[in-house]
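Take a look at the letters that make up each chain.
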Amino acid sequence: MPFNAEQLNMELSLEQKFQEKIDRDERIEPRDWMPDSYRKTLVRQISQHAHSEIVGMLPEGNWISRAPSLKRKLGLMAKVQDEAGHGLYLYSAAETLGIERDTLIDQLHTGKAKYSSIFNYPTLTWADIGTIGWLVDGAAIMNQVPLCRCSYGPYARAMVRVCKEESFHQRQGFEILLSLCQGSPEQKAMAQDALNRWWWPSLMMFGPSDVDSPHTQQSMAWNIKRFSNDELRQRFVDMTVPQAELLGITVPDPELKFNEATSNYDFGEIDWDEFWQVVKGHGPCNKDRIAARVKAHEDGAWVREASMAYAEKQEQRKLNPIEVKTA
Ligand code: FAQ
């Protein structure tokens, strides 16, 4: 027993020092002591974020071959490649917490890991590509700029570059919509239709309402999250409504109204049933998205095998320079 009590005291003192470091707004690095629950929360959030970036390439990738001009195609290809890069930085950040990438990918492919609900909706027209850039990247920036100050160093540092790239994505999306809204009545109607379909799913990206969010309180105490889901959602609405006005399209919410007293836009109730249905795998595209990722992983097996064989050969060459050269 005395041994256990001593261990417990040591654990408590480590935990106290850890929290004091967080409260001083210092960064936690991979080799620092951290509570298991902090590590677990980070693996969960960072890997879900990585999966979202990777699955998020699919709805837009669908339009690369149909972009209306060379300029649009180049912009979209660069954006989709950026998302791949974000996924890779984030998997690397998760790996610093002691989990293997293969395990994370397996969790995605077997439906054990979540990814953002937004990527389970289809991209029906070119205006959807503009709307994803404008709204989805806009929401991602709103959520991710505070993550640049997240307490876990590798995640915070990855977010700095991610946010710079997301801001280019947001502008390219807005510019696509601006062109459509200044174009023919049919093009403007296409933009309006895309806004009608993507508005509510974009608000859902911020996660459940604070009262129904099991992780927010603890994640804020650990400085992983700096703002709650509802706070960020409100900021997003306040930022985006004037942009819709500039485009001349209407946000599909009859209850949307500027509140003079709070200087915020009040907005209608989100359909939380739809949100949880999509999160649980029953959205319009969940099955297609996972099937596409599994296929890409299987088709890419030879690349992973070739890289491993090459790495082994390089290693052997270092150990036995002459033998490998002549083999
Ligand atoms: N979809 O207690 P909370 C992007 C889950 S990247 C699916 O509030 P937390 C770039 C949540 O995981 C978009 N599941 O959880 C791009 C938890 O499940 P669990 C992704 C959701 O972690 C643009 C449960 O509900 N961004 O867009 C969603 O404190 C264009 C309870 O929720 C990030 O991942 C959802 N929307 O807060 C790419 C940012 N919301 O684990 C391509 C980092 C919640 O208990 C094209 N993540 N859930 O089973 C975060 O900031 C947080 O994890 C939240 C959720 C805010 C997403």
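Residues numbered from 1 in each chain as written. Predicted model: local features only at pLDDT ≥ 70, side-chain atom pairs only at ≥ 80, totals over all residues. Heavy atoms only, no water.

Topic: the overall build of the protein
Per the secondary structure count, the protein includes 14 helices and two strands. Counting only C-alpha atoms and orienting by the principal axes, one finds that the protein spans roughly 70 × 60 × 30 Å. Considering the protein as a whole, with its 327 residues, one finds that 45% of them fall into the buried category. Of the contacts made within the protein by residues no fewer than 6 positions apart, 76% connect residues no fewer than 24 positions apart. Just so you have it, the protein exposes about 17500 Å², and 56% of that area is on carbon and sulfur atoms. (Helix = DSSP H or I, 4+ residues; strand = E, 2+ residues; numbered from the N terminus. Buried < 20%, exposed > 50% of the residue type's maximum accessible area, 1.4 Å probe, protein only. Contact = heavy atoms within 4.5 Å. Areas by Shrake-Rupley, 256 points an atom, 1.4 Å probe, with all protein chains shown as cover.)

Focus on the site of the ligand
Taken together, 36 residues lie around the ligand, and Gln48, Lys114, His215, Lys225 and Asn229 are the ones closest in. Take Ser117: an N or O atom from its main chain is 2.8 Å from a nitrogen atom of the ligand. Between the ligand and Lys225, the relevant distance is 2.6 Å, taken from an oxygen atom to a side-chain nitrogen or oxygen of the residue. Bound to the protein, the ligand loses 92% of the 1100 Å² it would expose on its own. Mapped by element, the contributors of at least two residues to the shell around the ligand are α2 (36-55), α4 (70-95), α6 (126-144), α7 (153-181) and α11 (272-282). Broken down by element, the shell around the ligand gets its largest block of residues, six residues, from α2. (Near = heavy atom within 4 Å. Polar contact = N/O pair within 3.5 Å; in protein donor to acceptor, adjacent residues only side chain to side chain.)

Topic: the nonpolar core
Counting 75 residues, the largest nonpolar core has Tyr38, Ile46, Trp134, Tyr152, Tyr155 and Trp199 as the members making the most contacts within it. Here Trp199 is in contact with Leu135, Phe236, Val237, Thr240, Val241, Val251, Pro252 and Asp253, once residues within four sequence places are set aside. (Core = buried A, V, L, I, M, F, W, Y, C linked by side-chain atoms within 4.5 Å.)

With respect to the side chain of Lys79
Position of Lys79 relative to the elements: it lies in helix α4. For Lys79, a relative accessible area of 1% corresponds to the buried category. Only 2.8 Å separates the side chain of Lys79 from the side chain of Glu60, close enough to count as a polar contact. Side chain to side chain, Lys79 and Asp137 meet in a polar contact 2.8 Å long. Not counting residues within four places of it along the chain, the set of residues in contact with Lys79 comprises Glu60, Ile132, Gly133, Asp137, His169 and Gln172.

Let's talk about the environment of Asn120
Mapped onto the secondary structure, Asn120 falls in the loop between α5 (101-109) and α6. Asn120 gets classed as buried once you look at its relative accessible area, which sits at 1%. Linking Asn120 and Trp276, residues 156 residues apart in sequence, is a C-alpha distance of 12 Å. Asn120 has contacts with Tyr115, Val278, Gly283, Pro284, Cys285, Asn286 and Arg289, leaving out every residue within four places of it along the chain.

A short note on the environment of Gln7
Looking at the secondary structure, you find Gln7 in helix α1 (residues 2-23). Take Gln7: its relative accessible area is 42%, and that puts it in the partly exposed class. With 206 residues separating them along the chain, Gln7 and Ser213 place their C-alpha atoms 33 Å apart.

Considering a nonpolar patch on the surface
Together, Leu70, Leu74 and Met77 make up an exposed nonpolar region whose accessible area comes to about 290 Å². Within the secondary structure layout, Leu70 lies in helix α4. (Patch = residues over 30% accessible without salt bridge, like charges linked within 9 Å, V, L, I, M, F, W, Y side chains within 5 Å. Salt bridge = Lys/Arg side-chain N within 4 Å of Asp/Glu carboxyl O.)

Remarks on α6
Its 19 residues give α6 an end-to-end C-alpha distance of 26 Å, which sits within 8% of 27 Å, the value for a rise of 1.5 Å per residue. Within α6, the axis deviates most sharply at Ile132, by approximately 35°. The element α6 is largely enclosed, with a buried count of 18 among its 19 residues. (Expected span 1.5 Å × (residues − 1). Bend = angle between axes of the 7 residues up to and from the residue.)

Side note on unusual backbone geometry
Phi angles above zero are rare outside glycine, and Asn223 is one such case at about 55°. With respect to the helices and strands, Asn223 occurs in the loop between α9 (216-221) and α10 (229-247). Exposure remark for Asn223: the relative accessible area of 15% places this residue in the buried category. Positive phi, normally seen in glycine, also occurs at Ser263, with a value near 60°. Relative to the helices and strands, Ser263 is located in the loop between β1 (257-259) and β2 (264-266). For Ser263, a relative accessible area of 48% puts it in the partly exposed group.

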